[in-house]
Amino acid sequence: MRSAVTTQSNAMTRVYANVALSVLNSMCVAYLVSKSPAMIEFFLHGPMFWVILLAPLVMVFVFYAVLQNNESPFVAHALLHTFAGIMGIGLASAFLAYKPVLILTALSGTVVLFSTMAVYGMVTKRNLDSLGGFLVVGLIALIVVGVINIFVGNSALDFALSGIGILIFLGFTAYDAQKIQELVSYDSNTNLEVLGALSLYLDFINLFLNLLKFMAALAADD
């Protein structure tokens, strides 16, 4: 029993280490791109913008397809950090739009909120399965309304969507942490750990972006 708990604990430690390294990867890439006029022009002001915008969605499907048929730890980690790097290029636009102090504050807040909900998901005795369906429906609604608001341009609605987004991704963090912990307790392998890290990484990044927008709107009202 103790051996199983230790194995699970070690697996979750590797999952969170992968999450932390992926976030660091993205933030470093975002910072470097935001400081280079040439890269800004190439990645964010031309046809490559659409590639960077759509690449993460395509890569998620590639990620799952490749890891189902390839058990190489090197391939798994290479895919994860390639994905994080591409996400970092897209995040450079946030680094250009917001002040550094606001970005650092939002990042610090995200670390605290993410860590709190991840720990809750791992230690709670409550089964969070029922929460998953609710969160997916909420996320779909958030995306649909968000797309509509791109054309409407309602700042109050945008503020509300950011607040709702924070709640949704806090919920996803707890839900995913619990599910991943359950999975690695039955079958811990590199691919499973990396896929778990990908899910939690996406929770972290989306929580960060929504918190950044929310805090920016609050600062603008002061």
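As the structure is a prediction and not an experimental result, all values here were calculated from the model.

Next up on the list: the overall build of the chain. In terms of helices and strands, the chain carries eight helices and zero strands. By the compact-globule yardstick of 17 Å for 222 residues, the chain fits well, its C-alpha radius of gyration being 18 Å. For the chain, the spread of C-alpha atoms along the three principal axes comes to 55 × 35 × 30 Å. Within the chain, buried positions represent 40% of all 222 residues. Partitioning the intrachain contacts of the chain with sequence separation of at least 6 by distance along the chain shows that 84% fall at a separation of at least 24. Each charge class in the chain can be summarised by its mean position, and for the 8 positive and 11 negative side chains these summaries are 8 Å apart.

Mapped onto the elements, V33 comes out in helix α1 (residues 2-34). Given the relative accessible area of 3%, V33 is considered buried. Residues V33 and V112 lie 79 residues apart in sequence; the distance between their C-alpha atoms is 26 Å. Beyond its immediate stretch of four places on either side in the chain, V33 contacts M39, I40, I89 and A92.

In this section: the confidence of the model for the chain. Here the chain averages 88 in pLDDT, while 94% of its residues score no lower than 70. Helix α3 (residues 48-69) is the least confidently modelled element of the chain, averaging 81 in pLDDT, while helix α5 (residues 100-123) averages 96, the highest of any element.

Turning to the pattern of salt bridges, a few remarks are in order. One pass over the full model with this rule turns up four salt bridges. Between K179 and D129 there is a salt bridge whose closest N-O contact spans 2.3 Å. Taken as a pair, K179 in helix α7 (residues 155-186) and D129 in helix α6 (residues 129-152) lie far apart in primary sequence, 50 residues in all. Judged by relative accessible area, K179 falls into the buried class, the value being 17%. Residue classification places D129 among the partly exposed positions, given a relative accessible area of 41%. A salt bridge links K213 to D158; the nearest nitrogen and oxygen atoms lie 3.4 Å apart. With K213 in helix α8 (residues 190-221) and D158 in helix α7, this residue pair connects regions lying 55 residues apart in the sequence.

Turning next to helix α2 (residues 37-44). When α2 is considered as a whole, its buried residues turn out to be I40, F43 and L44. In an axial view of α2, the angular spread of the buried residues amounts to 90 degrees, which keeps them on one side of the axis. Exposed residues pointing more than 90 degrees away from the buried face of α2 are listed as P37 and A38.

Here the focus is the packing of aromatic side chains. The relative placement of two aromatic rings is captured by the distance of their centres and the angle of their planes. Counted according to the given criterion, the structure contains five aromatic pairs. Between the aromatic rings of F83 and Y201, the centroid separation amounts to 6.1 Å while the plane-to-plane angle is 75 degrees, which identifies the pairing as edge-to-face. Taken together, the residues F83 in helix α4 (residues 73-97) and Y201 in helix α8 connect sequence positions 118 residues apart. Take F83 and Y201: they sit in the same class, and that class is buried. Taking 4.6 Å as the distance between ring centres and 15 degrees as the angle between the ring planes, the aromatic pair formed by F159 and F214 counts as stacked. Highlighted residues: F159 in helix α7 and F214 in helix α8, separated in sequence by 55 residues. Overall, F159 belongs to the partly exposed group, its relative accessible area being 28%.

Here is what the cut-offs are and how they apply
Residues numbered from 1 in each chain as written. Predicted model: local features only at pLDDT ≥ 70, side-chain atom pairs only at ≥ 80, totals over all residues. Heavy atoms only, no water. Helix = DSSP H or I, 4+ residues; strand = E, 2+ residues; numbered from the N terminus. Rg over C-alpha atoms; globule rule 2.2 N^0.38 Å. Buried < 20%, exposed > 50% of the residue type's maximum accessible area, 1.4 Å probe, protein only. Contact = heavy atoms within 4.5 Å. Lys, Arg positive; Asp, Glu negative; His and termini not counted. Charge placed at Lys NZ, Arg CZ, Asp CG, Glu CD. pLDDT = per-residue confidence, 0-100. Salt bridge = Lys/Arg side-chain N within 4 Å of Asp/Glu carboxyl O. Arc of directions from axis to C-beta. Phe/Tyr/Trp six-rings, centres within 6.5 Å; stacked < 30°, edge-to-face > 60°.

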